[in-house]
Amino acid sequence: MINFVRNLVTTDPNLGFFIPENGDVSHLSTIDKNIKQTISKFLSSNLKFSKEKKIFSLDISLNQKLFLVIIEKNLKTYELNLLGANFKSLISNEKKIKKINFFGNINFFKNKRLECEIIKEFAYGFELKSYNFEKYKTQKKGFLQEIFFASTDYEQLKKEYNYLSSVKKGVYLTRDLISEPPNKLFPKKYVDEIKKLSSLGLKVKILDEKIMKTLGMNALLGVGQGSTKESFLVTIEWNGATKKSEQPLAFVGKGVCFDTGGISLKPARFMEEMKYDMAGSAVVVGLMKSLALRKAKINAVGVVGLVENMPGGNAQRPGDIVKSYSGKTVEILNTDAEGRLVLA
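Reading guide: rules and limits
Residues numbered from 1 in each chain as written. Predicted model: local features only at pLDDT ≥ 70, side-chain atom pairs only at ≥ 80, totals over all residues. Heavy atoms only, no water. 1 Å grid on protein atoms, 1.4 Å probe; cavity = no way out; pocket = protein on both sides within 12 Å on 5 of 7 lines; lining within 4 Å. Points joined across faces, edges and corners; volume = space filled by probe spheres on them. Helix = DSSP H or I, 4+ residues; strand = E, 2+ residues; numbered from the N terminus. Nonpolar A, V, L, I, M, F, W, Y, C, P; charged D, E, K, R; others polar. Patch = residues over 30% accessible without salt bridge, like charges linked within 9 Å, V, L, I, M, F, W, Y side chains within 5 Å. Areas by Shrake-Rupley, 256 points an atom, 1.4 Å probe, with all protein chains shown as cover. Salt bridge = Lys/Arg side-chain N within 4 Å of Asp/Glu carboxyl O. Lys, Arg positive; Asp, Glu negative; His and termini not counted. Charge placed at Lys NZ, Arg CZ, Asp CG, Glu CD. Buried < 20%, exposed > 50% of the residue type's maximum accessible area, 1.4 Å probe, protein only.

Draft legend 1. Summary view of the layout of surface pockets. Reported here for the largest pocket is a volume of approximately 630 Å³. Taken together, 26 residues line the largest pocket, and the ones lying closest to its centre are Lys88, Ser130, Tyr131, Phe143 and Leu144. Listing elements by their share of the lining of the largest pocket, those giving two or more residues are strand 1 (2-5), helix 2 (77-91), helix 3 (112-129) and helix 4 (154-179). For the lining of the largest pocket, the element with the highest residue contribution is helix 4, accounting for 6 residues. Partitioned by chemical class, the residues of the lining of the largest pocket number 8 nonpolar, 10 polar and 8 charged. In this structure, the second largest pocket occupies an estimated 230 Å³ of space. Contributing elements (two or more residues each) for the lining of the second largest pocket: helix 7 (218-224), strand 10 (299-309) and helix 9 (339-342).

Draft legend 2. Representation of a positive patch on the surface in the model. A contiguous patch of positive charge, built from Lys95, Lys98, Lys137 and Lys141, is present on the exposed surface. If you trace the backbone, Lys141 turns up in the loop between helix 3 and strand 6 (146-150). Overall, Lys141 belongs to the exposed group, its relative accessible area being 65%.

Here is the structure:
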């Protein structure tokens, strides 16, 4: 969890500092003199011998630990994200570390905009790495670790970080959906999860098998006809553009909640991973959530086809011919080539 505050409490047990690659600590002028001197001495004896290392930790007493994060000039966004993720990895097994206070008045680049981006993108990487999925585990190992960034610009940072926080929540939803086991997240249950997004202002429309048959969506229906689980097509709309007539961006995702390959059965090895065959649809759903949370000034529509590709007495066969929604006829040569049929 990420927080932004005005003041750094230097007596807290875990403190973090951003340090330029040259080891200069002049930006720490407001920090306790003893802490500053300790950092300077440590860097002078360690930085030049560990040029590849970007994160250092040192105990300055029995009750206090310091973390030093080296920031190079002109780091790309993903590199800052990776730095935040690596920091989370470093402390992830330290159950005693529940909270870390970071000094957010960087100042060493003399560029407020850049320094704000450093903190936000580092924090975003930290949060993405903090994700875990323990919903079905009898023994849960995860625990909360928080970062408090202390900065005179904390209100602005908090406001701007809302954007990345909204993206993170969409990413977390995508990961949650992908991580669910197939006996829990089958098409109907998936529809129920998508319906929850209506509370964010998204317009959700659900087409069941009866409606799809009337519309002629036989390619999608053919994929799911071997399963006892009903198939669905769901549209998710966000209308945030100033001009309501503005053409929407469209995102389409395949939602095969489990893909056995159908009659053209896949090999048994690694088949458990076929629960991930709905990942494309999960990205679309997570994206639509992010757009709604950050009140994006665009019109967008997400479309997901939700099916199970299973063998059975009513399953689609190699050699079958179906007519798609566009009116084109398709001959099925291999029932494991179901993705293009779901999206047709």
